[in-house]
Amino acid sequence: MSVRKVVYYSGIIVSVFILLSCKSYKLISIQEVSSNCNQQNIYHYTVEDLPEPFYSLKLDSTLVGRFTEGGLKIANAIGIIDLLKEYVEAEKTYSSNPSLENKVEILDLDRKIANAIQRASLEISAVASEIDCEEERADQLSSYLKKKEDDRETRLTVAAISVGAIAAIASGILFTIDEHGSADNLVEAGGGIVEAVLGFMIFTSKPKVAFSHTRNHLEEIWNGKETSPLFPAHVWYYFNYFNPGKPKEPSLRVQILRSWKAIYEWEKNENRHNHNLIELFFGKGGQYTSEQLKARARMLDQLQANITLMKQDLTQLVTYIEK
């Protein structure tokens, strides 16, 4: 076999492997995972509609003695501080005068408080459910993309091994037929370059997929405006509450932001790459890698967990009302 034929066939085989390996390099074009998360729940309220800051309230001593601070904070968030005060006073009145009229007043106040707590709980569940749905959507697409990525890495690895084997065989053949020994060195060098390129592609070029999120709860947390159309008033108040008298205790929203910035190092270096990631995560969508989708799912999971914790405060409040 001539040197030209060996190089020719080796080139064909190498080219085929490279083309197969690079098949998934382009942006993956698939239909997004079907989403029923967006139920078009838009919350309309103004800054004036938000509860008065808890630290500025002048609480009755009977409330402070009856309920915990956490219970009173959540009661203020859902707007039932005045109802609680009336309830405690009605109990005192009934205790000194156990008439039917006074008993009915207690039952009426109890109903109003229970309705307010139930409504708040339902709104918390609605927001948490939508965020959970978005988390699952991102996680599912991440798993799909990761499989494509693993398949691509396997093809690249096989291609790199094959190129090395072909280069070694071709070099051996050329060494036996080329008495000057220059052609085999050339083939070895070429094979080494192709192997290096394939190895580089394994760790760099990641497949991406278009992923949109026009209703972006992460964006609301990041921007931190006075009101939010995606969060009910009491939830948004809960996330943004901050007592200026306790500067070392930042709001829950700020705590979440700090954890995101620390984990993903978005502000470690103010470069274009980090700026693009911020636009991607906190905008309306874009081209995501599997790792970025997984990170988005984790952020949504953290947000959902913090919202769901509000129900613990509601449960604590109910417990003290029933005592």
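Thresholds applied
- Residues numbered from 1 in each chain as written.
- Predicted model: local features only at pLDDT ≥ 70, side-chain atom pairs only at ≥ 80, totals over all residues.
- Heavy atoms only, no water.
- Phe/Tyr/Trp six-rings, centres within 6.5 Å; stacked < 30°, edge-to-face > 60°.
- Buried < 20%, exposed > 50% of the residue type's maximum accessible area, 1.4 Å probe, protein only.
- Lys NZ or Arg CZ within 6 Å of the ring centre and 35° of its normal.
- pLDDT = per-residue confidence, 0-100.
- Contact = heavy atoms within 4.5 Å.
- Helix = DSSP H or I, 4+ residues; strand = E, 2+ residues; numbered from the N terminus.
- Polar contact = N/O pair within 3.5 Å; in protein donor to acceptor, adjacent residues only side chain to side chain.
- Axes fitted to C-alpha atoms, helices over the stretch in contact; angles between N-to-C directions.
- Parallel < 35°, antiparallel > 145°, perpendicular 65-115°, else oblique.
- Nonpolar A, V, L, I, M, F, W, Y, C, P; charged D, E, K, R; others polar.

> I'm lost on the packing of aromatic side chains in this one. Help?
Using the criterion set out here, one finds 10 aromatic pairs in the structure. Centre to centre, the rings of F281 and Y288 are 5.7 Å apart; their planes meet at 65°, and the pair counts as edge-to-face. Given a relative accessible area of 2%, F281 falls into the buried group. Across from the ring centre of Y94, 5.4 Å away, lies the NZ or CZ of K103, which sits over that ring. Above the plane of the ring of W222 lies K261, whose end atom (NZ or CZ) is 5.2 Å from the centre.

> What exactly am I supposed to notice about the confidence of the model for the protein here?
For the protein, per-residue confidence averages 80 on the pLDDT scale, and 69% of positions sit at 70 or higher. Under a pLDDT of 50 for its full length, residues 1-10 has, in the predicted model, 10 contacts with residues more than four places off or in other chains. For residues 29-34, every residue scores under 50 in pLDDT, and the model assigns this stretch 10 contacts once sequence neighbours within four places are set aside.

> Explanation requested: the side chain of N243 in the structure shown.
Note that N243 resides in the loop between α8 (233-240) and α9 (252-264). The exposure class of N243 is buried, given its relative accessible area of 19%. Of note is the side chain of N243, whose polar atom sits 2.9 Å from the backbone nitrogen of G245.

> Looking at this model, I keep getting lost on the packing of helix α11 (residues 290-308) against helix α12 (residues 310-322). Mind explaining?
The axes of two packed helices give the description: the angle between them and the distance between them. Two numbers describe how α11 lies on α12: the axes approach to 4 Å, and their chain directions differ by 10°. Overall, the two elements α11 and α12 adopt an arrangement that is roughly parallel. On α12, the residues that touch N306, I307 and T308 of α11 are M310, K311 and Q312. The residue inventory of the contact of α11 with α12, partitioned by class, reads 2 nonpolar, 3 polar and 1 charged.

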